[in-house]
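Descriptive structure summary
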Amino acid sequence: SAVISQKPSRDICQRGTSLTIQCQVDSQVTMMFWYRQQPGQSLTLIATANQGSEATYESGFVIDKFPISRPNLTFSTLTVSNMSPEDSSIYLCSVDTGGNTEAFFGQGTRLTVV
Amino acid sequence: AQSVTQLGSHVSVSEGALVLLRCNYSSSVPPYLFWYVQYPNQGLQLLLKYTSAATLVKGINGFEAEFKKSEPSFHLTKPSAHMSDAAEYCCAVSSYNDYKLSFGAGTTVTVRA
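Report on the accompanying structure. Residue positions within a chain follow its written sequence, with the count starting from 1. Chains carry letters from A onward and ligands carry numbers from 1 onward, assigned in written order. A pLDDT threshold of at least 70 governs which residues receive local features in this predicted model, and a stricter bar of 80 or more applies before side-chain atom pairs are shown or counted, although totals over entire chains, interfaces and linings include all residues. For the side-chain quantities, the full set of heavy atoms in the structure was used; hydrogens and water were omitted.

1. Examining the sheet that holds strand β6 (residues 56–58) of chain B
Residue and element names in this part refer to chain B. Inclusion rule: The pairing criterion is simple: DSSP has to find at least two bridges between the two strands. In this text, helices come from DSSP runs of H or I with a minimum length of four residues, and strands from runs of E with a minimum of two, each type numbered from the N-terminal end. Fitting a line to C-alpha atoms yields each axis, with helices limited to the stretch in contact; the angle taken between N-to-C directions then spans 0 to 180 degrees.
On the basis of which strands lie adjacent, the open sheet formed by five strands has the order β1-β3-β8-β7-β6 and antiparallel pairing. Looking at strand neighbours, the two that pair on one side only are β1 (2–7) and β6, the edges of this open sheet. Neighbour-to-neighbour, the strand axes of this sheet turn through a mean angle of 20°, independent of strand direction. Pairing geometry for strand β3 (residues 19–27) and strand β8 (residues 73–78), over four bridges, is antiparallel. When the bridges of β8 are listed, N24 appears paired with S73.

2. Remarks on the sheet that holds strand β7 (residues 68–72) of chain A
All names here are of chain A. Across the sheet, four strands lie side by side as β1-β3-β8-β7; this open sheet has antiparallel pairing. Strand pairing shows two members of the sheet lacking a second neighbour, β1 (4–7) and β7, which therefore form its edges. Strand-to-strand, the axes of this sheet are offset by a mean angle of 15°, without reference to chain direction. Sheet topology note: the strand β3 (residues 19–25)/strand β8 (residues 75–80) ladder contains six bridges and is antiparallel. Bridge assignment links Q24 to a residue of β8, and that residue is F75.

3. Brief notes about the interface of chain A and chain B
We apply this condition: Here a residue-residue contact requires only that any non-hydrogen atoms of the pair lie within 4.5 Å. Buried area is understood as the total, over both parts, of accessible area removed when two parts are fitted together, assessed with a 1.4 Å probe. The salt bridge criterion pairs a side-chain nitrogen of Lys or Arg with a carboxyl oxygen of Asp or Glu, the two atoms within 4 Å. Think of a polar contact as two N or O atoms within 3.5 Å of one another; within protein, one of them needs to be a possible hydrogen donor and the other a possible acceptor, and neighboring residues in sequence only count if both atoms come from side chains. When residues are grouped by polarity, Ala, Val, Leu, Ile, Met, Phe, Trp, Tyr, Cys and Pro land in nonpolar, Asp, Glu, Lys and Arg in charged, and all others, Gly among them, in polar.
With 19 residues of chain A at the interface, the matching set in chain B holds 22 residues. Where chain A abuts chain B, roughly 1600 Å² becomes buried across the two surfaces, and 55% of that area is made up of carbon and sulfur atoms. Our enumeration of links across chain A and chain B arrives at one salt bridge. At the boundary of chain A and chain B, one finds six residue pairs in polar contact (both at pLDDT 80 or more). Put simply, the parts of the chain that give the side of chain A that touches chain B at least two residues each are β4 (31–37), β5 (43–49), β9 (89–96) and β10 (103–105) of chain A. Top element by residues in the side of chain A that touches chain B is β4(A). It accounts for four residues. Its residues placed into classes, the side of chain A that touches chain B shows eight nonpolar, eight polar and three charged.

4. Observations regarding the side chain of A:T77
Residues and elements named next belong to chain A. Put simply, the test is: Accessibility here uses a 1.4 Å probe with only protein chains present; expressed as a share of the type maximum, an area under 20% marks a residue as buried, one over 50% as exposed, and anything in between as partly exposed.
Its location among the elements puts T77 in strand β8. Judged by its relative accessible area of 12%, T77 falls in the buried class. There is a polar contact of 2.6 Å between the side chain of T77 and the side chain of S69. Among all residues touching T77, those that are not within four sequence positions of it are T20, I21, Q22, W34, P67, I68 and S69.

Taken by themselves, the reported measurements are silent on function.
Spelled out as C-alpha cells, the structure:
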C-alpha cells in the first residue's frame, strides 16, 4: 500500500496566476500520475510523472500549461499555469504499487479560479 | 482505446435495499476493472478489482461485482444498503500492458433511513 500526502487541499486563485500542487508518497514508487476532475466530469489523466525525465502528457494536455517535476521516487509536483476559471477542478495525485492492479490516490486539491 | 460509462449520476436507495451501480466499458484488449469509492472528506480508495481471475469479485464492506465479457459490463452490487455506504463510486478500466486508468463519471449514492 501507499500513503499519499497532497498539498494544498484547496485553494482559491486569481486568474492569470499559477499554483503548484505537491504530492509526497511514504514509499518509493515507479509510477506516479496526475489526474483532473472537472465539475460533473470523469477523472481524466493529465500525465505520467517520470523520475529523471520529462513527464508524458495525454492528449489535450501540454507541458507549458501543466509543468510537472519528479525529482525522486517519492515526490512530484504539478503546476497549473496562467490559470483561468476553466481550470477550476479537483487535481489528484496517484501512484501504482501493485503491478498495474492497484492505484492509490491522494485526497486531492480542490482549485477554484476566480 | 478504453472508455467507461456509468449509468446514473445519482442513486438513492433505502437502508436495507439492494444497491446496484451499473458500469459498461469498451476496451480493445483484455481489461482490468476497478471500482473505487470516495467517502465524504476522504480520498479515493479501492473497493474491488477484476484482473482476469474469478469473474465474480468480492470487495470490502459487502460489495461485489461481476465481470460479464459478453455485455461488456462490471456492475457493482450490495444486497443490503447501510447508511455508511453513502459515497461516490467510480468505475475504472485499465489493461495488463497499460497503467493508465480510464474512469467513468461516477455515481453518488445516498441512503435513506
